[in-house]
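# Notes for the structure review
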Amino acid sequence: MLKQTFPINVDDTINSGQVFLWEKHDKTWYGINGNNVLAVPSNAEIFSYSKTAYNFFRNDDDFERILCDISRDHIVRSAVKRFPGLRLLRQDPFQCYISFVVSANSSIQNIKNTLHKICKKFGPKIRFNKNYFYLFPDPKKIAVAEKHELLSCGLGYRTKAVKNAAEAVVSGEIDFDFLQKSNYHVAKESLLNVFGIGNKVADCILLFSLEKLDSFPLDRWMLRVLQKYYSDKFELNMKTLTEKRYENLHKEIVKYFGPYAGYSQQFLFKMERELNQKKWL
DNA sequence: TACTAACCTGTACG
DNA sequence: ACGTACAGGTTAG
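An account of the accompanying structure is given in this report. As the structure is a prediction and not an experimental result, all values here were calculated from the model.

Looking only at helices and strands, chain A features 15 helices and six strands. Relative to the compact-globule value of 19 Å for 281 residues, chain A shows a C-alpha radius of gyration of 18 Å, a close match. Principal-axis analysis of the C-alpha atoms places the extent of chain A at approximately 50 × 45 × 35 Å. Within chain A, residue pairs in contact and separated by at least 24 positions form 65% of the contacts whose partners lie at least 6 positions apart. One way to put it: in chain A the 42 positive side-chain charges average out to a point 6 Å from where the 31 negative ones average out.

As structure tokens, this is what we get:
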């Protein structure tokens, strides 16, 4: 019933800056998600390498209610109308965490290349549907990797951050199960303690893999959106967002967009990227 | 506290 | 072909 009203648009969702290790072959998307490969045809009925059931498209969310709740002004409403099949994804936490550490100050294509090399170098190779895939490596594997091996994946100065982040997971300093159960602020504080994770990266990890739908990652694009459409609602002087300013702005944003602000962010982001003809294919 | 330079890789443009 | 501009967030000074 709901699915008839709100079918998932797989293309739009995969190409919305959330995931990086996805490729389309013969009308089916294949993506690495932790130690699994998901195959997703356009009807969004997943079949996966390890047959564990997993709600990647967050079908357990009440979309009708959420889309209704976030449609608080004509901007969001038109974005929802333009991309009604866009979804937030529920990603493997470790892969998401490393992916966004890698993403810091890098471009989409660079991020994709680097992550693919990391999988190829450190991840197990498996066969699925007559194709070979490299799964995402375990935390341990990255934590013990030699610096020059990571460097050769194109990480550059992010090498230290990636290694450090993996070590934090191995040591238990970062515990995804715990963070999932914690609220936004507790989980965020924990992530911010990791070298290489600032506000934006932390918010991406929280939104895309740790169930924090009130997270609202503020990158260049979202600042542009806020300035363009919401300058009357939010006070932003467009200089660098300091820790405190980011925090205050986030508070204002949740007050305005509500508990599903993360969904609003995804729709607004997608809309603005499309306006600027940015493709991720 | 607030601003700024430095960090690395890859692509686009002239 | 060659430089130069640009895309990107975090950290340290």
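Inspection of the region around DNA strand C gives 17 residues, with N105, G196, G198, V201 and D219 positioned closest. Here, DNA strand C places atoms within 4 Å of the protein, and 62% of those atoms are sugar or phosphate. Within the side chain of R158, a nitrogen or oxygen atom sits 3.4 Å from a base nitrogen of DNA strand C. For the surface near DNA strand C, the secondary structure elements donating two or more residues are α12 (199-209) and α13 (220-229).

On to the pattern of salt bridges, then. Under the definition given, this model contains twelve salt bridges. R90 serves as the salt-bridge partner of D60, at 3.0 Å between the closest nitrogen and oxygen. Within this pair, whereas D60 is found in the loop between β4 (47-48) and α3 (63-70), its partner R90 is found in the loop between α4 (74-82) and α5 (93-103), the two being separated by 30 residues in sequence. Of the residues examined, R90 reaches a relative accessible area of 12% and is grouped as buried. With a closest N to O distance of 2.3 Å, R82 and E274 form a salt bridge. Pair noted here: R82 is in helix α4 and E274 is in helix α15 (residues 261-275), with a separation of 192 residues, a long-range link. Residues participating in the shared-partner salt-bridge network are R58, D60, D61, R90 and E211.

On to helix α9 (residues 159-171). End to end, α9 covers 18 Å across 13 residues, agreeing with the expected 18 Å (1.5 Å per residue, within 8%). Those residues of α9 not exposed but buried are T159, A161, V162, K163, A165, A166, A168 and V169. Against the buried residues of α9 lie α5, α7 (139-143), α8 (147-151) and α10 (176-181). At the exit of α9 stands G172, carrying a positive phi of roughly 90 degrees.

Turning our attention to the pairing of strand β6 (residues 131-134). Alignment of strand β5 (residues 125-128) against β6, held across four bridges, turns out to be antiparallel. Opposite R127, over in β6, you have Y132 as the bridge partner. Counting the residues between successive antiparallel strands, the hairpin from β5 to β6 contains two residues, one of them, N129, with a positive phi of roughly 55 degrees.

The environment of DNA strand B is formed by ten residues, the closest being N110, G156, Y157, T240 and R245. Within 4 Å of the protein, the atoms of DNA strand B are drawn from sugar and phosphate moieties in a proportion of 69%. In the model, a base oxygen of DNA strand B is placed 2.8 Å from a nitrogen or oxygen of the N110 side chain. At 3.4 Å, a side-chain N or O of Y157 approaches a base oxygen of DNA strand B. Its residues assigned to classes, the surface near DNA strand B comprises one nonpolar, five polar and four charged.

Attention now moves to the environment of V101. Mapping V101 onto the fold places it in helix α5. When its relative accessible area of 2% is taken as the criterion, V101 is described as buried. Spatially, the C-alpha atom of V101 lies 28 Å from that of T28, the residues being 73 residues apart in sequence. In contact with V101, not counting residues within four places along its chain, are R158, A161, V162, A165, G196, I197 and V201.

Attention shifts here to the environment of F128. Residue position: F128 is located in strand β5. Note on F128: relative accessible area 9%, which makes it buried. F128 sits 33 residues away from A161 along the chain, and the two C-alpha atoms are 32 Å apart.

Strand order in the open sheet formed by four strands is β1-β2-β3-β4, and the pairing between neighbours is antiparallel. Only two strands of the sheet have a single partner each, and these edge strands are β1 (22-25) and β4. Strand direction decides the pairing type here: strand β2 (residues 28-33) and strand β3 (residues 36-41), joined by six bridges, are antiparallel. Paired with I32 across the strands is V37, a residue of β3.

About the cut-offs
- Residues numbered from 1 in each chain as written.
- Chains lettered and ligands numbered in written order.
- Predicted model: local features only at pLDDT ≥ 70, side-chain atom pairs only at ≥ 80, totals over all residues.
- Heavy atoms only, no water.
- Helix = DSSP H or I, 4+ residues; strand = E, 2+ residues; numbered from the N terminus.
- Rg over C-alpha atoms; globule rule 2.2 N^0.38 Å.
- Contact = heavy atoms within 4.5 Å.
- Lys, Arg positive; Asp, Glu negative; His and termini not counted.
- Charge placed at Lys NZ, Arg CZ, Asp CG, Glu CD.
- Near = heavy atom within 4 Å.
- Polar contact = N/O pair within 3.5 Å; in protein donor to acceptor, adjacent residues only side chain to side chain.
- Salt bridge = Lys/Arg side-chain N within 4 Å of Asp/Glu carboxyl O.
- Buried < 20%, exposed > 50% of the residue type's maximum accessible area, 1.4 Å probe, protein only.
- Expected span 1.5 Å × (residues − 1).
- Pairing = 2+ DSSP bridges.
- Nonpolar A, V, L, I, M, F, W, Y, C, P; charged D, E, K, R; others polar.

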